[in-house]
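Letter by letter, the chains look like this.
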Amino acid sequence: MDIDAALTLVSAAAGSAATAAGQHAWDSLLSLVRRVAGRGPDPLEEAPVDPADETRVRVLTGRIAELAQTDEAFAEAFLGWAADHRHALTATAGDTQNSVSGGAVVHGSVAQLRDVHGNVTFG
C-alpha cells in the first residue's frame, strides 16, 4: 500500500467513526499523529479532530500527507496504521451482512460469518 491509498483510509475512518471498528481506527490515527506532533507543530491544534467535521478532516489529511513526505518514520508508522485498519474500513463487493431478527426462533448455535478458512465446530 502506498501513502495515497493510505490517505483515503483517513476519510474512511472519519466516516465510520460511529462504529466500534471505525472509532478504534480513528482514535488510533489521532494517537499516531499526536505522537509525531510532539516532534513539531501540533496538527491537531488544541482540540481533537471531530470525525464529523469534514473541513477539519481534510486539514488533518493534508497534514498527514505533509508529514508522510517529510518524516520517514511517520510515513512507515502511518502505512502500518493503514495496513492494520484497512480491512475494517473498506467495503468490498463480497461483504456479508447477517441478521437474526423478527420472530425468528433459534434452537442451537448460530454462526454469522463471511469468509471461513478452516473448520467451524459446535458443541
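Let me sum up the structure you'll find in this document.

Conventions we followed
Residues numbered from 1 in each chain as written. Predicted model: local features only at pLDDT ≥ 70, side-chain atom pairs only at ≥ 80, totals over all residues. Heavy atoms only, no water. Helix = DSSP H or I, 4+ residues; strand = E, 2+ residues; numbered from the N terminus. Buried < 20%, exposed > 50% of the residue type's maximum accessible area, 1.4 Å probe, protein only. Areas by Shrake-Rupley, 256 points an atom, 1.4 Å probe, with all protein chains shown as cover. Core = buried A, V, L, I, M, F, W, Y, C linked by side-chain atoms within 4.5 Å. Contact = heavy atoms within 4.5 Å. Expected span 1.5 Å × (residues − 1). Bend = angle between axes of the 7 residues up to and from the residue. Polar contact = N/O pair within 3.5 Å; in protein donor to acceptor, adjacent residues only side chain to side chain. Salt bridge = Lys/Arg side-chain N within 4 Å of Asp/Glu carboxyl O. Phe/Tyr/Trp six-rings, centres within 6.5 Å; stacked < 30°, edge-to-face > 60°.

### Things to note about the overall build of the chain
At step 1: For the chain, the helix and strand inventory stands at four helices and zero strands.
At step 2: Ordered by position in the sequence, the α and β elements of the chain form the string α-α-α-α.
At step 3: Across the 123 residues in the chain, those meeting the buried criterion constitute 28%.
At step 4: A total accessible area of about 8100 Å² is found for the chain, and carbon and sulfur atoms account for 49% of it.

### Observations concerning the nonpolar core
At step 1: Ranked by size, the top nonpolar core spans 27 residues in total, and within it Trp-26, Leu-29, Ile-64, Phe-74, Phe-78 and Trp-81 carry the most contacts.
At step 2: Setting aside its immediate chain neighbours within four residues, Leu-29 contacts Val-10, Ile-64, Phe-78 and Trp-81.

### A short note on helix α4 (residues 72-89)
At step 1: In a regular helix each residue adds 1.5 Å, so 18 residues correspond to 26 Å; α4 covers 24 Å between its end C-alpha atoms and thus fits that length.
At step 2: Where α4 bends most, at Ala-83, the angle is about 35 degrees.
At step 3: Taken as a whole, α4 has its buried residues at Phe-74, Ala-75, Phe-78, Trp-81, Ala-82, His-85 and Leu-89.
At step 4: Two or three places before Ala-73, at the start of α4, stands the capping residue Asp-71, its side-chain oxygen 3.1 Å from that residue's backbone nitrogen.

### Remarks on the pattern of salt bridges
At step 1: Enumeration according to the criterion identifies one salt bridge in this entry.
At step 2: The residue Arg-63 makes a salt bridge to Glu-66 at a minimum N-O spacing of 3.4 Å. With a gap of three residues between them, Arg-63 and Glu-66 both fall in helix α3 (residues 54-70), about one helical turn apart.
At step 3: Here Glu-66 falls in the partly exposed class, since its relative accessible area comes to 44%.

### Some words on the packing of aromatic side chains
At step 1: Enumeration over the complete set of coordinates arrives at two aromatic pairs.
At step 2: Between Phe-74 and Phe-78 the ring centres are 5.9 Å apart and the planes differ by 5 degrees, which places this aromatic pair in the stacked class. Within this pair, Phe-74 and its partner Phe-78 are both found in helix α4, separated by four residues, close to a single helical turn.
At step 3: Since its relative accessible area comes to 1%, Phe-74 is described here as buried.
At step 4: Seen from their ring centres, Phe-78 and Trp-81 are 5.7 Å apart, and the 10 degrees between their planes marks the pair as stacked. Highlighted residues: Phe-78 and Trp-81, both in helix α4, separated by three residues, approximately one helical turn.
At step 5: For Trp-81, a relative accessible area of 4% corresponds to the buried category.
At step 6: Each residue in the set Phe-74, Phe-78 and Trp-81 is aromatic and connected to the rest through ring pairs, giving one cluster.

### So, the environment of Ala-17
At step 1: Looking at the secondary structure, you find Ala-17 in the loop between α1 (3-15) and α2 (20-37).
At step 2: Measuring from C-alpha to C-alpha, the distance between Ala-17 and Asp-50 comes to 9.5 Å, with 33 residues separating the pair along the chain.

### As for the environment of Ala-52
At step 1: Looking at the element boundaries, Ala-52 is found in the loop between α2 and α3.
At step 2: Given the relative accessible area of 63%, Ala-52 is considered exposed.
At step 3: Linking Ala-52 and Gly-15, residues 37 residues apart in sequence, is a C-alpha distance of 7.3 Å.

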